[in-house]
Amino acid sequence: MIIVKVTGQMQQLRFDNRFVAELPGDPSADPRPRQVLGACWSPARPTPVPAPRLLAHSPEVAALVGLTPADVAAPAFAEVFAGNGLLPGMVPFAACYGGHQFGQWAGQLGDGRAITLGEAIGPGGERWELQLKGAGPTPYSRHADGRAVLRSSLREFLCSEAMHHLGVPTTRALSLVATGEPVIRDMFYDGNPRAEPGAVVCRVAPSFIRFGNFEILAARGDGALLARLVDFTIARDFPELEGEGEPRRAAWFAEVCARTALMVAHWMRVGFVHGVMNTDNMSILGLTIDYGPYGWVDNFDPDWTPNTTDAGGRRYRFGHQPQVAHWNLACLANALIGAFATTAPLEAGLERYAQVFTAESRRMTAAKLGLTRFEDEDGELARELYGLMQRAEVDMTLLFRGLALLDPEAPALDPLRPAFYSEARLAEHEAAFGQWLGRYAARLRADDLAPERRRATMDAANPRFVPRNYLAQQAIDAAEAGDLSVLHRLMDVLRRPYDEQPAHADLAGRRPDWARHRAGCSMLSCSS
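Residues numbered from 1 in each chain as written. Predicted model: local features only at pLDDT ≥ 70, side-chain atom pairs only at ≥ 80, totals over all residues. Heavy atoms only, no water.

Draft legend 1. Representation of the overall build of the protein within the structure. If you tally the helices and strands in the protein, you get 16 helices and twelve strands. On C-alpha atoms alone, the protein measures out to a radius of gyration of 23 Å, which is about the 24 Å that the 2.2 N^0.38 rule sets for 528 residues. Along the first, second and third principal axes, the C-alpha atoms of the protein reach 70 × 60 × 45 Å. In the protein, which comprises 528 residues, the share counted as buried stands at 58%. Taking the intrachain contacts of the protein between residues at least 6 apart in sequence as the baseline, contacts between residues at least 24 apart amount to 74%. If you sum the accessible surface of the protein, you get close to 20,000 Å²; carbon and sulfur atoms cover 54% of it. Placing the 54 positive and 62 negative side-chain charges of the protein at their respective mean positions leaves the two points 2 Å apart. (Helix = DSSP H or I, 4+ residues; strand = E, 2+ residues; numbered from the N terminus. Rg over C-alpha atoms; globule rule 2.2 N^0.38 Å. Buried < 20%, exposed > 50% of the residue type's maximum accessible area, 1.4 Å probe, protein only. Contact = heavy atoms within 4.5 Å. Areas by Shrake-Rupley, 256 points an atom, 1.4 Å probe, with all protein chains shown as cover. Lys, Arg positive; Asp, Glu negative; His and termini not counted. Charge placed at Lys NZ, Arg CZ, Asp CG, Glu CD.)

Right, here's the structure in full:
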């Protein structure tokens, strides 16, 4: 692997790579799939591609890392972030972890198509792990090619940045680079593989440590390395925690639980469905990670999952995400038992999850409804609304945005009509909605929030624009045909998801009928 010669700020990037410097690694550089024991990582070099071409990048993330527009425009940028070369100081590796997949222990998993280039220290002193997804095989690839296709890479790039601007804790995305080579994928697992354009996305986070990094060590009985990983994670990624020994570990687990609760509460607020909440897809920092078959709720349905693999059991359906997150944290707690003298701190952490999720959900629901505070009786008001939305096939994003236009002195359904997918359903449930609006208007009149403040509060909690599945698919279709303007326009709009942006109103409408059952617009597979 060559060291790329660069100029400008790119040559000033500083890497300290604490994960590989302070934790034991695999002594073998053999990239062939195998069980990796007694190590937290394996050396892994990206596999070069024939024709790297930058398709899109995030200027905000580039600035965080310490890169200028001139750096991004340089040919070396695409070479490095496609995996064709390294910058001085980069030490690429793939992490070893396991996980529970769809509720079952799956053993060793690991970074099968993700390779971390290094941990960069940004101009503000923040740590940013730069990780290429789709950069080729590693010892954890399990006989796969380690590559990714344009459609999944574009979806991850788009959603990572959209979620950040929505205010949802998330990993970020620096770049999307076409590889110039085809990748064979069977999108529907139906025996009909086809060649698709390949791509590499560079995702960015302070850390990519997952619940599964701890689970694999516990499953193998490697208590010493597990304790070492716990203390490393606290020291590097949670330096604000005080104390030492078990009290500090207890505070850390409680913080992991609290951050996870906040993340999931935000998912529910904006209508995001992760689609594959396996424990290996859960960030120790409480960040949304691994954007695979995710989806956005169009017509409100708590039982909806975007993942074809989950279509039968619907384990990861929208409304079940809070419970799954708690279950996943319990798996992490079980893995950590050996690091504590008793289970009391772990039990307290799980209770902390419930407390934070309840508090944040109440706070966010109050904001979505334009209330100063969430009272106990507001829970029933919200439940009635969600039930009506499901029965009447109502768009979640449009309805909550429309509620801000309601006049509490003369409540009418007119602001909400654009949210209904079916005129027949509207007619069937119009009277019930009218009754609910009357109760809601009375609640608003009893609240002490001024009308202007109420509208601002609601507009700040209820996005106007979200990366709906069909919008992402339109960007994919255009990009595969060589047109990147659709993606770039969508990215620009999603940088300000709470603003009205009337010139882009076409990106805020209901899911069109043609997208109701089209692949990529309704259900997706784990195929990449």
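Draft legend 2. Here's a closer look at the side chain of Arg155. For Arg155, the location among the structural elements is in helix H5 (residues 150-166). There is no salt bridge for the buried Arg155, and the closest opposite charge comes from Glu156, which lies 8.9 Å off by N-O distance. Looking at Arg155, its side chain comes within polar contact range of the main-chain oxygen of Tyr294, at 2.8 Å. Sequence-distant contacts of Arg155, that is, excluding residues within four places in its chain, are made with Gly292, Pro293, Tyr294, Asn469, Ala472, Ile476, Gly520 and Leu524. (Salt bridge = Lys/Arg side-chain N within 4 Å of Asp/Glu carboxyl O. Polar contact = N/O pair within 3.5 Å; in protein donor to acceptor, adjacent residues only side chain to side chain.)

Draft legend 3. Layout of unusual backbone geometry. Residues other than glycine seldom take positive phi values, yet Phe102 does so here, at roughly 55 degrees. By the element assignment, Phe102 lies in the loop between strand E5 (98-101) and strand E6 (104-108). Even without being glycine, Asp290 reaches a positive phi, approximately 65 degrees. Structurally, Asp290 is set in the loop between strand E11 (272-273) and strand E12 (295-296). The buried category is assigned to Asp290, whose relative accessible area is 10%.

Draft legend 4. Geometry of the packing of H5 against helix H16 (residues 485-494). Contact geometry of H5 with H16 gives a least axis separation of 9 Å together with a crossing angle of 20 degrees. The angle between H5 and H16 places the two elements in the roughly parallel class. For the element pair H5 and H16, the recorded crossing hand is right-handed. In contact with Leu154, Phe157, Leu158, Glu161, Ala162 and His165 of H5, H16 contributes Leu487, Leu490, Met491 and Leu494. Across the contact of H5 with H16, the residue classes break down as eight nonpolar, one polar and one charged. (Axes fitted to C-alpha atoms, helices over the stretch in contact; angles between N-to-C directions. Parallel < 35°, antiparallel > 145°, perpendicular 65-115°, else oblique. Left-handed = near helix turned anticlockwise from the far one by under 90°. Nonpolar A, V, L, I, M, F, W, Y, C, P; charged D, E, K, R; others polar.)

Draft legend 5. Looking closely at the pattern of salt bridges. Inspection of every chain in the model, using the stated rule, returns 41 salt bridges. In this structure, the salt-bridge partner of Arg495 is Glu60, at a minimum N-O distance of 2.8 Å. Linking Arg495 in the segment after H16 with Glu60 in helix H2 (residues 59-65), this pair joins segments that are 435 residues apart in sequence. Of the residues examined, Arg495 reaches a relative accessible area of 23% and is grouped as partly exposed. On the accessibility criterion, Glu60 (28% relative accessible area) is partly exposed. In this structure, a network of salt bridges that share partners links the residues Asp16, Glu119, Arg127, Arg236 and Asp237.

Draft legend 6. Highlighting the pairing of strand E8 (residues 127-133). Most of E8 sits out of view: seven of its seven residues are buried. Burial along E8 is two-sided: the face carrying Arg127, Glu129, Gln131 and Lys133 and the face carrying Trp128, Leu130 and Leu132 are both buried. Across seven bridges, strand E7 (residues 114-121) lies against E8 in antiparallel orientation. Its bridge partner being in E8, Gly118 is matched across the sheet by Leu130. The hairpin formed by E7 and E8 contains five residues between the paired strands, and Gly125 there has a positive phi angle of roughly 90 degrees. Both E8 and strand E10 (residues 194-205) contribute to a ladder of five bridges, which runs antiparallel. Looking across to E10, one finds that Leu132 is bridged to Cys202. (Pairing = 2+ DSSP bridges.)

Draft legend 7. Looking closely at the packing of aromatic side chains. Here the structure, examined in full by the defined rule, presents 19 aromatic pairs. On the basis of an interplanar angle of 35 degrees and a centroid distance of 5.3 Å, the ring pair of Phe102 and Tyr316 is categorised as tilted. Remark: Tyr316 occurs in the loop between E12 and helix H9 (321-336) and Phe102 occurs in the loop between E5 and E6; sequence separation between them is 214 residues. A residue is classified by how much of its surface remains accessible, and Phe102, at 29% relative accessible area, is partly exposed. The structure contains a cluster of three or more aromatic residues connected by ring pairs, namely Trp267, Phe272, Tyr291, Tyr294 and Trp296. The ring centre of Trp327 lies 4.6 Å from the NZ or CZ of Arg315, which sits over that ring. The cationic tip of Lys368 hangs over the ring face of Phe400; the distance from NZ or CZ to the ring centre is 4.2 Å. (Phe/Tyr/Trp six-rings, centres within 6.5 Å; stacked < 30°, edge-to-face > 60°. Lys NZ or Arg CZ within 6 Å of the ring centre and 35° of its normal.)

Draft legend 8. How the structure looks around the environment of Leu336. Position of Leu336 relative to the elements: it lies in helix H9. Aside from chain neighbours lying at most four places away, what touches Leu336 is Phe214, Leu226, Val230, Trp252, Phe253 and Leu346.

Draft legend 9. Broad picture of H16. Taken as a whole, H16 has its buried residues at Leu487, Leu490, Met491, Val493 and Leu494. Seen along its axis, H16 keeps its buried residues to an arc of 165 degrees; they face one direction. (Arc of directions from axis to C-beta.)

Draft legend 10. The layout of surface pockets, seen in detail. Its volume calculated, the second largest pocket comes out at about 540 Å³. Lining of the second largest pocket is provided by 22 residues; of these, Met268, Phe357, Ser361, Thr365 and Tyr386 occupy positions nearest its centre. Of the residues in the lining of the second largest pocket, the class split is twelve nonpolar, six polar and four charged. (1 Å grid on protein atoms, 1.4 Å probe; cavity = no way out; pocket = protein on both sides within 12 Å on 5 of 7 lines; lining within 4 Å. Points joined across faces, edges and corners; volume = space filled by probe spheres on them.)

Draft legend 11. Examining the environment of Tyr140 more closely. Counting through the fold element by element, Tyr140 comes out in the loop between E8 and H5. For the pair formed by Tyr140 and Gly110, sequence separation is 30 residues and the distance between their alpha carbons is 5.2 Å.

Draft legend 12. Molecular detail of the nonpolar core. Within the largest apolar cluster, 101 residues are counted, with the highest numbers of intra-cluster contacts made by Phe214, Trp252, Leu336, Leu399 and Leu403. A total of 13 residues in this core trace back to one element, the largest contributor, which is helix H8 (residues 245-270). Apart from residues no more than four positions distant in its own chain, Phe214 is found in contact with Ile209, Leu226, Leu229, Val230, Thr233, Trp252, Ile284, Leu332, Ala335 and Leu336. Val36, Ala94, Leu132 and Leu174 belong to the second largest nonpolar core, which has 37 residues in total. (Core = buried A, V, L, I, M, F, W, Y, C linked by side-chain atoms within 4.5 Å.)

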